[in-house]
Amino acid sequence: MPRIFSWLMSCAILVLLTSCSDFDKEFTVRSAKSTIDVSLDGTALVSESFDISVKKMENYGGVYVDIPQRFTDASGGSHWRDFNLVAARRDGRDEHYFKENNVPGYSIYIGEMHCKNCRADLPVGAGNIEIAYRLGRLVRQEGDHQVLFMPAYMGGIHGQDAKKAVTFTIPPGGVLRRSHLDPPAYEITRNAPNEILVSIAAGKRDRVLPDIEIDYPAGTFLSGTSDKQVRLWLSDHFLAFISILGPLITCLFVALRLPSSWRLPTPLIAVDSKITESVSPALAAYLFRNWKMSAAKAAFMASVCHLAVKRGLRISSLGEDAEASDLSAKQARKKGKVARAKWYGLPAATRLVFGRIEEERPVEDRRRILYAWYGFEDELHATVVAEYRKVRGKDRWMLPAIFSILALGVAVAYFSGLLIFSAAILGILLISLAAVMALLHPERLSGPTDVRQMLGLCLGIPALTILSLYYIGTTEVISEQQPYLMAILLDMAGIVVVPAMLRIPTPKQRQIRNNMLNLNRYLLGEIDGPTMSIECYEHYLPFAVALDVQHYWTERFNFWRESEKMDAYAPDWLIGSQSLTRKGFNDIRTLPSVVSGPGCGR
């Protein structure tokens, strides 16, 4: 938990840095000029100059220039233009800068470096920001001619609308197409065969202006190789591809693990002895009761009975007042490999119950079984859960699926410029989840051990929540970012859904539970199964205790014993009598219920 909160705190610092400054109150963009020089290789060198005014003495220390890369042509197709930053200057001098991904391109910070012991404020007054970069992919092939499609807009500062003039220098021989908007969204003046001037009035929204398209004869611009065409196609569809890949992996993982008709186990019509041998009586108790809390005591008593019939100890009865003696299993393990193999052949839950009983202090070589039960529920439950998961087997694809979905979600957030926004959403979700877990299971959370931890929980978590909510509420998600935000949210949901699939039983686990239901019917005498014998009775007695049908199982054994004219049965695992008559069996009719165990032959 502390590691999660420290990570969330680091995200909160990023949120604080990007949300505590109001750029519109600190800066004003008065005008902008752009020069775009198009080469015969289909690329262009762009130089842009922004006249700004700093209005407050305390300010963020720089501005963000948004450079779009994704453009929509007249036919509605979306394309990415290659971008390579050449220079960034302030007032004619090279300035500190760094790039951040954004949709539909980059946000480039130009200004003072933020550090711990330096002032990052820009001086109040007029200033100038210059940026130079190279653009690619300005030409496309249409039939027997080439089309130069140039943006009528380029960089903008913080979305502020200002008067702007764009000068294009282009190869001669082109024919200007009419704008697909009527009336045109900007004024175009052709000063010379190779020069176009575009004037954008203040108040125009730069990002919605259409491209300027010019027709050229085929061969005017150098055509790219097939490898370059493939690379360009991939760059057009890369972000969309990784956006759908995460949810696709989640759906595929869920579909392969949901119970389906073609993957359900074959219904069992009789008791399968091999399946029964692979399950402990304790696990049978939990499976039969659908993992309810009431199964814990039944699992414990079934394990005690299992120890008795396996000659690990002797018991006086299987009631709550039962006593155990002659705990010979531990001594037997020291005699040799065969004894040790027999001991470790017992289920882990059975061996755990033996160790618990062994810890009790004996009175005249007898230990009260009920004393060993107190406070033992959680440990026994954890052991049975481990056995159940072992039956399931390791899911080798779960961790790769989670890692892949997480990596794809981070990549989409990074390339779409939503990394901090997504981190804020994730922080809110994790804090909410931690709060719900604290309310539902307060015993699982350890309280703070010192004052710093207490302050971190009482002050840090609310502050982090407020900062995240403030950032989410004040940050604009443009229309082009919204599909990617939806993909990121689906990736977050996928990271939760994939581990949750572990709660769905596999076909093998469902088959084991079905076998327990059939075993219950067999013990009640409703269906046929293994032939009754003393060995069969002892073998299934722990399971009868687990399933709470020991009385009926004992009655069936009594009827069989009478039909075989067997007067007495003398089990050596019971204390108090050398032989057990019909009356003796009546004394153990109230055995508590327990879980499954191995089968016996016919």
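Scoring rules and cut-offs
Residue numbering note: each chain is counted from 1, following its sequence as written. Whole-chain, interface and lining totals are the exception, using all residues; otherwise, since this is a predicted model, local features are given only for residues with pLDDT of at least 70 and side-chain atom pairs are given and counted only at 80 or more. Think of the side-chain values as coming from all heavy atoms in the structure, minus any hydrogens and water. Numbered from the N terminus, helices here are DSSP runs of H or I no shorter than four residues, and strands are runs of E no shorter than two. Only heavy atoms matter for contacts: two residues are in contact if any of them lie within 4.5 Å across the pair. In this description, accessible areas are obtained by the Shrake-Rupley approach with a 1.4 Å probe, and a residue is regarded as covered only by the protein chains that are shown. Salt-bridge detection follows one rule: a side-chain nitrogen of Lys or Arg within 4 Å of a carboxyl oxygen of Asp or Glu. The rule is simple: take the accessible area with a 1.4 Å probe, protein chains only, and divide by the maximum for that residue type; under 20% is buried, over 50% is exposed, in between is partly exposed. The predictor's confidence in any single residue is recorded as pLDDT, a number from 0 to 100. Under the convention used throughout, the expected extent of a helix is 1.5 Å for every residue step, that is, one less than its residue count. Two strands qualify as a pair provided that DSSP identifies no fewer than 2 bridges between them. For cavity detection a 1 Å grid was placed over the protein atoms alone, and a set of points counts as a cavity when a 1.4 Å probe fits there but cannot get out; an open set counts as a pocket when protein lies on both sides within 12 Å along at least five of seven lines, with lining residues being those that have an atom within 4 Å of a point. Grid points are joined across faces, edges and corners, and a volume is the space filled by probe spheres set on the points. Residues are grouped as follows: Ala, Val, Leu, Ile, Met, Phe, Trp, Tyr, Cys and Pro are nonpolar; Asp, Glu, Lys and Arg are charged; every other residue, Gly included, is polar. Put simply, a patch holds well-exposed residues, over 30% relative accessible area, that have no salt bridge, with like charges counted together within 9 Å and Val, Leu, Ile, Met, Phe, Trp or Tyr side chains within 5 Å. We call a set of buried residues a nonpolar core when its members are Ala, Val, Leu, Ile, Met, Phe, Trp, Tyr or Cys and they connect through side-chain atoms within 4.5 Å of each other. In this analysis, rings of Phe, Tyr and Trp, with Trp reduced to its six-membered ring, are considered paired at centre separations within 6.5 Å, and the interplanar angle assigns stacked below 30 degrees, edge-to-face beyond 60, and tilted for intermediate values.

Peer 1: Where do I start with the overall build of the protein chain in this structure?
Peer 2: Along the backbone of the protein chain there are 19 helices and 21 strands. Contacts in the protein chain between residues far apart in sequence, at least 24 positions, make up 76% of those at least 6 positions apart. In the form shown here, the protein chain has an accessible surface area of approximately 31700 Å², with 59% of it arising from carbon and sulfur atoms.

Peer 1: Sorry if this is basic, but what is going on with the pattern of salt bridges here?
Peer 2: Two side chains of opposite charge can pair, provided their charged atoms sit close to one another. Applying the stated criterion across every chain, the model contains ten salt bridges. As a salt-bridge pair, glutamate 48 and lysine 164 come within 3.2 Å of each other at their nearest N and O atoms. Highlighted residues: glutamate 48 in strand E2 (residues 44-54) and lysine 164 in strand E14 (residues 163-169), separated in sequence by 116 residues. The class of glutamate 48 is buried, set by a relative accessible area of 2%. A salt bridge links arginine 90 to glutamate 112, with the nearest nitrogen and oxygen atoms 2.8 Å apart. Highlighted residues: arginine 90 in strand E6 (residues 83-90) and glutamate 112 in the loop between strand E9 (105-111) and strand E10 (125-135), separated in sequence by 22 residues. In this structure arginine 90 comes out as buried when scored by relative accessible area, which is 11%. Taking the relative accessible area as the measure of exposure, glutamate 112 reaches 25% and is therefore partly exposed.

Peer 1: Mind showing me how you'd approach the confidence of the model for the protein chain here?
Peer 2: Caution is warranted with low-pLDDT regions, since their predicted coordinates should not be read in detail. Chain-level statistics for the protein chain give a pLDDT mean of 78 and a share of 76% at 70 or above. When the elements of the protein chain are averaged for pLDDT, helix H19 (residues 582-586) gives the smallest value, 40, and helix H17 (residues 534-546) the largest, 93. Every residue in residues 1-20 scores below 50 in pLDDT, and together they form 26 contacts with partners more than four places removed in sequence or on other chains. A low-confidence stretch, residues 577-602 stays under pLDDT 50, and its non-local contacts, those more than four residues away or across chains, total 117 contacts.

Peer 1: For this particular structure, what's the right way to read helix H15 (residues 482-500)?
Peer 2: One turn of the α-helix equals 3.6 residues, which is why residues spaced by three or four share an orientation. For H15, with 19 residues, the first-to-last C-alpha span of 27 Å sits near the 27 Å given by 1.5 Å per residue. The set of residues buried in H15 consists of Tyr484, Leu485, Ala487, Ile488, Asp491, Met492, Gly494 and Val498.

Peer 1: Got a minute to help me understand the pairing of strand E17 (residues 195-200) in this structure?
Peer 2: In summary, the side chains of a regular strand alternate between the two faces of the sheet. Judged by which residues are buried, E17 turns out to be one-sided: Ile196, Val198 and Ile200 face inward and are buried, whereas Glu195, Leu197 and Ser199, on the alternate face, are not. Across six bridges, E14 lies against E17 in antiparallel orientation. Pairing of threonine 169 across the sheet is with glutamate 195, part of E17. Pairing of strand E16 (residues 187-192) with E17, which is carried by five bridges, proceeds in the antiparallel orientation. Its bridge partner lying in E17, threonine 189 is registered against leucine 197. The antiparallel pairing of E16 with E17 creates a hairpin that spans two residues between the two strands.

Peer 1: How should empty space enclosed by the protein be read in this particular structure?
Peer 2: Which parts of space are left empty comes out when a probe the size of a water molecule is rolled across the atoms. Evaluated as defined, the whole model comprises two cavities of 30 Å³ or more. Space inside the second largest cavity adds up to approximately 30 Å³. Lys297, Phe300, Met301, Gly319, Glu320, Ile369, Leu370 and Trp373 together form the lining of the second largest cavity. Looking at the lining of the second largest cavity, the elements that each hand over two or more residues are helix H6 (295-309) and helix H10 (369-373). Residues belonging to the lining of the second largest cavity are distributed by class as follows: five nonpolar, one polar and two charged.

Peer 1: It is not clear to me how a nonpolar patch on the surface should be interpreted in this structure. Could you clarify?
Peer 2: Residues Phe238, Leu406, Val410, Tyr414, Phe415 and Leu419 make up a contiguous nonpolar surface patch of about 540 Å² in total accessible area. In terms of residue count, helix H12 (residues 398-415) provides more of the nonpolar patch than any other element does, four residues in total. Given the relative accessible area of 38%, phenylalanine 238 is considered partly exposed.

Peer 1: Sorry, what's going on with the nonpolar core here?
Peer 2: Soluble, globular proteins show a tendency: their nonpolar side chains are buried together. One finds Phe300, Ile315 and Trp553 to be the most contacted residues of the largest nonpolar core, which totals 64 residues. Where this core is concerned, the elements lending two or more residues are helix H5 (281-288), H6, helix H9 (348-359), H10, helix H11 (377-392), helix H16 (507-524), H17 and helix H18 (550-563). Counting residues per element, this core draws most heavily on H6, at twelve residues. When residues no more than four places from it in sequence are discounted, the contact partners of tryptophan 553 are Tyr522, Leu523, Met532, Cys536, Tyr537, Tyr540, Leu541 and Ala544. Listed in part, the 40 residues of the second largest apolar core include Val65, Ala88, Leu135 and Ile214.

Peer 1: Honestly, the packing of aromatic side chains in this entry has me stumped. Any pointers?
Peer 2: For the structure shown, the criterion picks out 21 aromatic pairs. Here tyrosine 522 and tyrosine 540 contribute two aromatic rings whose centre-to-centre distance is 5.8 Å and whose plane-to-plane angle is 65°, an arrangement assigned as edge-to-face. Residue tyrosine 522 is located in helix H16, and its partner tyrosine 540 is located in helix H17; the two are separated by 18 residues in the primary sequence. The class of tyrosine 522 is buried, set by a relative accessible area of 1%.

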